[in-house]
Each structure stands twice: as structure tokens, then as C-alpha cells.
Amino acid sequence: MKKKNYGLVGYPLGHSLSPFIHGEIFKRNNLGHDYSLYEISPAELEKKYELLSLLDGFNVTIPLKELIIPYCESLDDSSSCGAVNCVKEKVGYNTDVYGFKKSIEILGASFKQGSRVCLLGYGGAGKMVAHAVGKAGGKLTVAEIDVSRLKNCPENTKTVQINELKGEFDLLINSTPVGMHPNTDASPIDFERVSAEFVLDIVYNPSETKLLRLAKQKGAKVLNGLTMLVWQAIKSHEIWYGGKADEDGAEEIIKAVEKKLI
């Protein structure tokens, strides 16, 4: 089979784990395709989009997940959350949604009708989570430092300044970067006035954030963001060429990435 070219576009990309993760998925599909990083700023996107369109497929990360939409000729239903992170033949998809749902399933939690869900942060990832929870009928509370961001929350969403958050929840999701390496001593909340049965932190470096540590001390079942990162990548391969990875394969990739993070 002819070698194909895929990649990740965003700015800045730094020491992205994506080439390693996608390389592992190619191996499990017995393929030797390339996955490269394309560091493109918002100002450069228009000029460089044609270069990207020559790729066999690509992923999109911050700050381009919304800015890439006008360049797509059509959008898959998965991108109805207002963000695109995967493109094939100028069609935009959102595989973060799949990775998020898979993470919740693996955690053993739910955001279905009536579930009390608390979302920390309402940036790009937060909007995707809020859209998925709202569509499933979950009872959503969104907590933000910048309350001006909360204007466009889904209907029937309770909004609160993060320092005033309190209550009991079935599921709490952190979509903020608080606690990410190197600021590992930070947590978006302290759990003094909050409790949750399940906690998902989309931060994956470190593998156990301060938020997850505090949540475990309160008896919560927890999961970091690595599961979401790997499963959204697996879904991209499915879109691009029908690639697959099973639960065991995904777990092996997750463990391999954890070793790289140590």
C-alpha cells in the first residue's frame, strides 16, 4: 500500500504526543503511514490551508478548532458542537465527542437524562462536553472563572462563578487546563463544598492531577484525559481509512504514553 500522509495542525504544538499515539495506531493496523506536526497560527491558516488539503487527513487542535470550519466543504453531525478536530477530504468531524463518551463509559459514569453533571470551564473542550450532556438530557451546571463566557450555554444550564460552586453531583468534568504540567500543585476546586461520585479530568499530564487526588480522597472514581486523547485518535483513523483498535489495543497505547510522560 502506498504510504499516506496525515498530521496535526495547531499553534503552538510544542512536544505533542500525537505523532507517537498515531504511530502506535498505524502499527496495530499494519501500516507505515506518516503523521507530522504542522504548526500554523490563525493568521497563517488561509494561506496554508491548501497545503493541508493535500494530506490524506489531519487533526486540528487549539486555537483552530472553530477557525477551520469555514474551510470545510461540509460538516459531519459530530461537529454540531461547533468545533472540528478531524478533517478528511474537506469534511469536518469532531472525534473529541467520541473520545469523551468512551471515557465516561470506561469510568462507569453517565450523563443521561436526569444525571447531575458539573462542568468546570467553558472553553473549546467545555463547549463540546456541554453540547453532549445537553443532547443526552443531563442536568448540567457549568462553573467558570470568566462568567462572560457563559452567555452561550445550552438552555436549562445552571451557571456559576467557579469560586461559588457547591453541591452534590453524579459526574464532575474538568475541561480547564488547571493542574496541567508544570503547574501540578493547582486544582480548579478544592472539594470543600462539592462532592461527586465520578470525576473526569481532561488533563493527562500529570496522569494524576491534584484535582483527581482530592477527588479520590473524597471517595470518587476518577479518570484522567489520556483515555479521551487516545480514543479520539482511534476514531480519526476509522474516519480516514477504516482503521481499528480494540479495548486492549487502546489500553496498551495508553500505558505506552504514560511511560513517555514519566
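Coordinates for the structure precede this section.
S.K.: Even after reading the chapter, I still don't get the overall build of the chain, so can you show me in this structure?
M.R.: Tallying secondary structure elements over the chain gives 7 helices and 12 strands in all. For 262 residues, the compact-globule formula gives about 18 Å, and the C-alpha radius of gyration of the chain, at 18 Å, lands near that figure. By principal-axis analysis of the C-alpha atoms, the chain measures approximately 55 × 35 × 35 Å. Across the 262 residues of the chain, 49% fall into the buried class. When contacts within the chain are restricted to residue pairs at least 6 apart in sequence, long-range pairs at least 24 apart make up 63% of them. In the structure as shown, the chain presents an accessible area of about 13100 Å², 48% of it carried by carbon and sulfur atoms.

S.K.: Can you help me understand the sheet that holds strand β4 (residues 74-75) in this one?
M.R.: What the 6 strands build is an open sheet, ordered β2-β1-β3-β5-β6-β4; its pairing is mixed. The strands lining the two open edges of the sheet, one partner per strand, are β2 (34-39) and β4. Note: strand β1 (residues 5-10) against strand β3 (residues 57-60), 4 bridges, orientation parallel. Looking at the pairing, Val-9 lines up with Val-60 of β3. Seen against the sheet, helix α1 (residues 18-28) touches β1, β2 and β3 and runs at an angle of roughly 160° to β2.

S.K.: Can you walk me through the sheet that holds strand β12 (residues 221-223) in this structure?
M.R.: By definition, the strands of a sheet pair up through backbone hydrogen bonds, in either a parallel or an antiparallel sense. Within the open sheet, the 6 strands sit side by side as β9-β8-β7-β10-β11-β12. Their pairing is parallel. The open sheet is flanked by β9 (158-161) and β12, the only strands paired with a single partner. Going from strand to strand, the sheet's axes swing by 25° on average, the running direction of each strand aside. Across the sheet, helix α3 (residues 96-107) is in contact with β10 (167-174), β11 (194-201) and β12; its angle to β11 comes to roughly 125°.

S.K.: What should I look at first to understand the environment of Ile-234 in this one?
M.R.: Topologically, Ile-234 is positioned in helix α6 (residues 226-241). A relative accessible area of 4% means that Ile-234 is categorised as buried. Note: C-alpha distance between Ile-234 and Tyr-98 (136 residues apart in sequence) is 9.5 Å. When near neighbours in sequence (up to four residues on either side) are disregarded, Ile-234 contacts Ile-25, Ala-245 and Ala-250.

S.K.: Got a minute to help me understand a negative patch on the surface in this structure?
M.R.: Residues Asp-246, Asp-248, Glu-251 and Glu-258 make up a contiguous surface patch of negative charge. For Glu-251, the location among the structural elements is in helix α7 (residues 247-261).

S.K.: Looking at this model, I keep getting lost on the pairing of β1. Mind explaining?
M.R.: Regular strands have side chains that alternate between both faces of the sheet. Most of β1 is tucked away, with 5 of its 6 residues classed as buried. Here β1 pairs with β2 via 6 bridges, running parallel. Bridge assignment links Asn-5 to a residue of β2, and that residue is Asp-34. Read from β1 through α1 to β2, the crossover connection turns out right-handed.

What counts, and where the lines are drawn
- Residues numbered from 1 in each chain as written.
- Predicted model: local features only at pLDDT ≥ 70, side-chain atom pairs only at ≥ 80, totals over all residues.
- Heavy atoms only, no water.
- Helix = DSSP H or I, 4+ residues; strand = E, 2+ residues; numbered from the N terminus.
- Rg over C-alpha atoms; globule rule 2.2 N^0.38 Å.
- Buried < 20%, exposed > 50% of the residue type's maximum accessible area, 1.4 Å probe, protein only.
- Contact = heavy atoms within 4.5 Å.
- Areas by Shrake-Rupley, 256 points an atom, 1.4 Å probe, with all protein chains shown as cover.
- Pairing = 2+ DSSP bridges.
- Axes fitted to C-alpha atoms, helices over the stretch in contact; angles between N-to-C directions.
- Patch = residues over 30% accessible without salt bridge, like charges linked within 9 Å, V, L, I, M, F, W, Y side chains within 5 Å.
- Salt bridge = Lys/Arg side-chain N within 4 Å of Asp/Glu carboxyl O.
- Lys, Arg positive; Asp, Glu negative; His and termini not counted.
- Charge placed at Lys NZ, Arg CZ, Asp CG, Glu CD.
- Right-handed = clockwise from strand over helix to strand, strands pointing away.

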